[in-house]
Every structure is written in C-alpha cells, then in structure tokens.
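Coordinates in review
Here's the letter readout for the chains.
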Amino acid sequence: MTTRLIVNGIDKTFGDFQALSDVSFTIEPGQFVTLLGPSGCGKTTLLRVIAGFLEPEKGEILFGDKVMNDVPPNKRNTAMCFQSYALFPHKTVYENIIFGLRMRKVSADEQRKRVKEVMEMVDLVGLENRKPYELSGGQQQRVALARAIIVRPEILLFDEPLSNLDAKLREKVRVDIRNIQHSLGITTVYVTHDQAEALAISDVVIAMNKGRIVQKSDPKTIYNRPSTKFVADFIGSANITPGTCTEFAGSTAVVDSLYGVLRVQAADLTPGEEAFLCIRPEDFVPIFAENAPHAVNVVTGSVLHAVYMGNSLDLFVKVNDHVVRISAAKDCPIPEGSQISFTVQPDKICVMKG
Amino acid sequence: MNNYHVKSQKKLTRQLLKILLPFGLLSIIIVWIGVPILYALLWSFVNPEFPWSYPDPFPKNLSLFQWEYVFKYTTIVKSIGNSFLLAFVTTIVCFILALPTAYALGRRKLKGSEFFKIIMLLPMVFPGMAMGLFLGRMLHGMGVSGTYLGVVMVHTLVSLPYMLRILVVNFESMPQDLIDAASNLGAGNWVKFKEVYLPMILPGLVAGAMFTFITSMEEFNLTFIVGAPDITTIPTVLYSYLGENFLRTRASVVSLILLIPNLILLIVAERKIKTEYMGAALGKM
C-alpha cells in the first residue's frame, strides 16, 4: 500500500516565469517529506504537479513504477489537504468525509465502518451533521484531514494546512498529523514556509528556492549542516560570515573571517580558498572566568542589545563592526553595554561553498 | 457654548439622522410605489355608472364591473396564459444558454473574455424600441414573426444578460480549491458539476431565473413588434388601453393582473435566495 514517489526532472513555467526547473527527488515509501521555502519558491506548484492539477512541461512523476503524467487528478489516488481546507460548504461533515469513498464506489457498509474509524481518529465524533461553517478552524482542519485519509491514498499531500490556525493549536495539530501519518504509513508530501514546522514534523526536509531544490536532508543535517547561505539563513537564525582559508591540516582549517581567525573542522578546504561560515546563535558560548583557559575560537565584543526571550537570552554583540547573534542561557547575567568574550567549538562551525 | 455641548449636539444630530434617513427613504418608497398601486386598485373598482372625477377623494361607488368586463370580453385570459408560457419557456432557454456560457466566461481563462462580458450586457442598454424595429424586420424575414418561437427568441435576447451576469459572477467567485478538492477525491466532470458547481451557483440561478421571468413578463416593445397581433401578452393588452382609446379603469385592472404574480415571485425568490446565500457566505472557504 505504501508507495515510492519519484519526481524526475520537472520543469514548469507560467508565461515567462520559471516556477520549477529540473526538480528531481525520490521519496521512500512511508516517508514524511516537507517542501520548505519562501513564498514563490515553487513548492505549492510542485505539490499541484504531483496531484495532477498542473501539467509539467518536462519530466516525469512516478508512483512506484507507474508514470502518472497522463493520469488525470481524479484517477491518481492522492489525497490533498488544502490551506483553505476546501470543504464543500453545502455538505455536512459526514457527507464531506465520505465523498472520496462514494467516488471510489465503496460499499455502504464499508463506508460507515471507515467513517466511524476516521472520525474517532481525528476526534470529530458527534459533529457528523454539522455544516463546515458551524465548525471552528481546528475542527474544519480535522474534517479536511479525515476526508483525505479515509480514501487510503497512495500519496498524502498537504498544502500549508496549519497556516490558518493559531500558534498553540498549530503545534498540537502538527503532532496529530505526524502521529496519524506514522500509524497509517502513507507516503506524505507536506508544503510549508514555516521552518520550525518542517523540522518538527518531517523525516526529510527539501529546501527550495526560485524553483530549484537547494538541499534535501533530514532535519538535523539541514539545520546543522546547511549546504548554502540561503538554507542557513532560511532555517533558524544564523551568523554567516565570508572567510578565507589560511591553513589546512588533518581535518582542521584555519579561516580568517569577519569575526577573527577561527579554527574550523572541515573536510575539504585548501589554503587560499574562500567560503562562508555558518554559526548558529546557540553554538556560541559566553566565556566566564571558570571555563576561560580551555577555550578555542575566542571572540570578543560589546553587547548592543540583550533580549530576554523566556527560554533564552539573545545577545546582539558588536564584533569588528559586525553584529553577532548569541543565544545564551536564560539566566545569564550579561547587561547591555558590557564587554564579553565567547567561544565556538570547531565542529559547530559549518562551511558552505555558496 | 463650550466644547462638550457642541460635541453632544453633533452626536445627537447624527443619531437623529440614523433614524430619520432610513425612515425617510422608506416613506418615499412607500409613497412612490404604494400610492400608484392604491390608485390602480381604486380605479379598477370604479363603477362606470358613477364616474370618479375631481374633486371626489374616493370613487362614489365600487363595483367589479371592470374586472368582469376585462375577463369576459377581452383576450386577457389567453394573454395571461401566453405571458406565463413565454416567461417560463424563456427562463428555461436562458438557463440552457447561460449555464455553459457563464462557465466558460467565469472559469476558463478565455482570450477576450472581458470583451465578451461587456458584449453580453448590450441588450440591457439598447433602447427596446430601436432594437425592436430592426430586429422585427430581421425576424419577419426569417419567417418567425407572429410565432411563439419569434417571441421567445426576442424575450431570450433581452433577459439573457441578467441570467448571464449573475451566473458569471457566481462561477468566478467559486474557489478553485473546491473544484480541485473534488477531482482530487476522485470526482469526474459530471459529479463535479452536479455536486459542486450546481449547489454553489443555485442561489444565482434562482436570482437569475427570477429576473429573467419578470423581464419576460413585462417585456412590451419587442413582444408587440414581433408578436402582434397574433400573440398577445399582458403588457400588450395593457398598452392597448393606453393609446388613443385610453381607458384608465381597464388599464388599472390589467396592470394589477401584471403586477400581482411578479410581486409574489419576488417575495418567494427573495426568501429562497437569502437562506441559500447565508449557507454559502458563512462557509469559511
């Protein structure tokens, strides 16, 4: 039942606008994959190509070993949750949910059984006869989810399904979606522009920019080892500095950067080579008297702003005329205007070639 | 006078305006529509033995004479039948023509669809008589003058814009996501039409049908030019009392006959549209 999704060399243009160029990737059966990128990066277009609403100019979409290009959307056996939910306003919750089963000519007994099952799964029991406009946003979202999973699709598609919910509910529903997807084992493509959501929910994150795939990695790798400046900047916050390699020995490079000379653990840098360094704010550690002697990569600056975030204290530190962001422990006694030193471990610095 | 006083006076004036403005408008509408209807009613019951003339505020004697006369000695019964038949058929024809056209203009990104949208409204702005004279010649040439077919054709021409305009807006405002969701769940074209498009445009369809029906019922110019003398409708009978042999009493009777069904239709349709629209409008889509 679970299906491998293969996207192979997809091009899609709208007039002069190249929405997708040469997009290729494979999603293993049962994987939860997120397409992440800023608006206009082509992620929703790609989702619509997979669903069959849009026809690509070039390339192939395969479900398993079946080429789907010429299969119309109503025969593709995908199920999509829309950003707008797209519930039929004139149908009740029950009628909305069984729509897909009726189209598949599932027997009445089976219909009843499966509706009961999914209604329990998404916690909608008792709302069968309501119309969509009588439900809250969260309930509508769950009806949309139920309507999609009840047909047991080969591929489950989500188009920013949580963007109309408030922050608290969003966190709860994304866990629900993840759990349901996990228990059903349906191959899933999930579109979002929210990087935290993408990291929290996916097996694999595909970062997109300007119609191209920039990086495809698991959440940990994409956060810790972004391959380009764009990914580093888009996912989480990052201190990015250009630098020039001055020495390379073993697996350690010495790089001259805007923040000073830093020792970096890197696989391949040659002396004289230029690259970008990405350092996450939480990887900078303020130095106090007790841990000072062991420190490498010591950087010193004056604190411009200290912003209390609740779970951390965010410092904006002026180093050589550049502002460095540091995420310190929440009870750190660092006032604005003070001089501080901080350090970063060589293996926490990510080297990016572009 | 201090500032506070000025402010509170302004507020009072605004509140008064809030009450007076709608009340005033309502009164004007009641006077404009109500008074003529009242007079038509009174005139239709005037007993010809006791003419109603200045300065009597009301007729001296009321009778059903004019009503009986109109129904017994004129073609009114036949004309009423004609009017309803024509309006009914016209509405159906408009529906059949407008549905695919509105779909094409509203959902498909056709080249020049903006141009077509203006073209389709032209019959509404053309003076009926001017259009009728030339159209009459043409239809006469086609041999459909004085036939039901001919009259249905011209009625369709003048009523179609109402139906089209409403349906095009309906189709345009339908979220594409809904259609996509239906096909995504396995619906083919027929199911999409029956279970998504049709319920969503139903309010527009009812409104369009109402306008079409009423326009056809009240259409005179083209009916007269194309249909007369073989096909008479309520308006052509009415106009025949307004010409040289002007008979206010009989004209009153006929105008009431024309007015009452339209009024009932308006009220019924308005109810239906309201409840339907509420459902669609409140659905968070």
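So, how was this worked out
- Residues numbered from 1 in each chain as written.
- Chains lettered and ligands numbered in written order.
- Predicted model: local features only at pLDDT ≥ 70, side-chain atom pairs only at ≥ 80, totals over all residues.
- Heavy atoms only, no water.
- Pairing = 2+ DSSP bridges.
- Helix = DSSP H or I, 4+ residues; strand = E, 2+ residues; numbered from the N terminus.
- Axes fitted to C-alpha atoms, helices over the stretch in contact; angles between N-to-C directions.
- Contact = heavy atoms within 4.5 Å.
- Expected span 1.5 Å × (residues − 1).
- Buried < 20%, exposed > 50% of the residue type's maximum accessible area, 1.4 Å probe, protein only.
- Arc of directions from axis to C-beta.
- Polar contact = N/O pair within 3.5 Å; in protein donor to acceptor, adjacent residues only side chain to side chain.

Residues and elements named next belong to chain A. Strand order in the open sheet formed by 6 strands is E6-E7-E8-E3-E9-E10, with mixed pairing between adjacent strands. Single-partner strands in this sheet number two, and they are strand E6 (78-81) and strand E10 (212-217). On average, each strand axis in the sheet is inclined to that of its neighbour by 20°, with strand direction left out of account. With 4 bridges joining them, E6 and strand E7 (residues 155-159) adopt parallel strand pairing. Bridging from a neighbouring strand, cysteine 81 pairs with phenylalanine 158 of E7. Sheet strands in contact with helix H4 (residues 137-149) are E6 and E7, and its direction is about 175° off that of E6.

Residues and elements named next belong to chain A. Over its 14 residues, helix H3 (residues 108-121) runs 20 Å from end to end, which matches the ideal 20 Å to within 8%, given 1.5 Å per residue. Every buried residue of H3 is listed here: Gln111, Arg114, Val115, Val118 and Met119. All buried residues of H3 fall inside an arc of 135° around its axis, so they share one side. H3 presents Asp109 and Lys116 as exposed residues on the side facing more than 90 degrees away from its buried surface. Where H3 is buried, its residues contact helix H2 (93-103) and H4.

Let's shift gears to the environment of Asp194(A). Residues and elements named next belong to chain A. By the element assignment, aspartate 194 lies in the loop between strand E8 (187-192) and helix H6 (195-201). Here the alpha-carbon distance between aspartate 194 and leucine 315, two residues 121 residues apart in the chain, equals 24 Å. Once residues within four sequence positions are removed from consideration, aspartate 194 is found in contact with Leu36 and Arg170. A polar atom in the side chain of aspartate 194 sits 3.0 Å from the backbone nitrogen of alanine 196.

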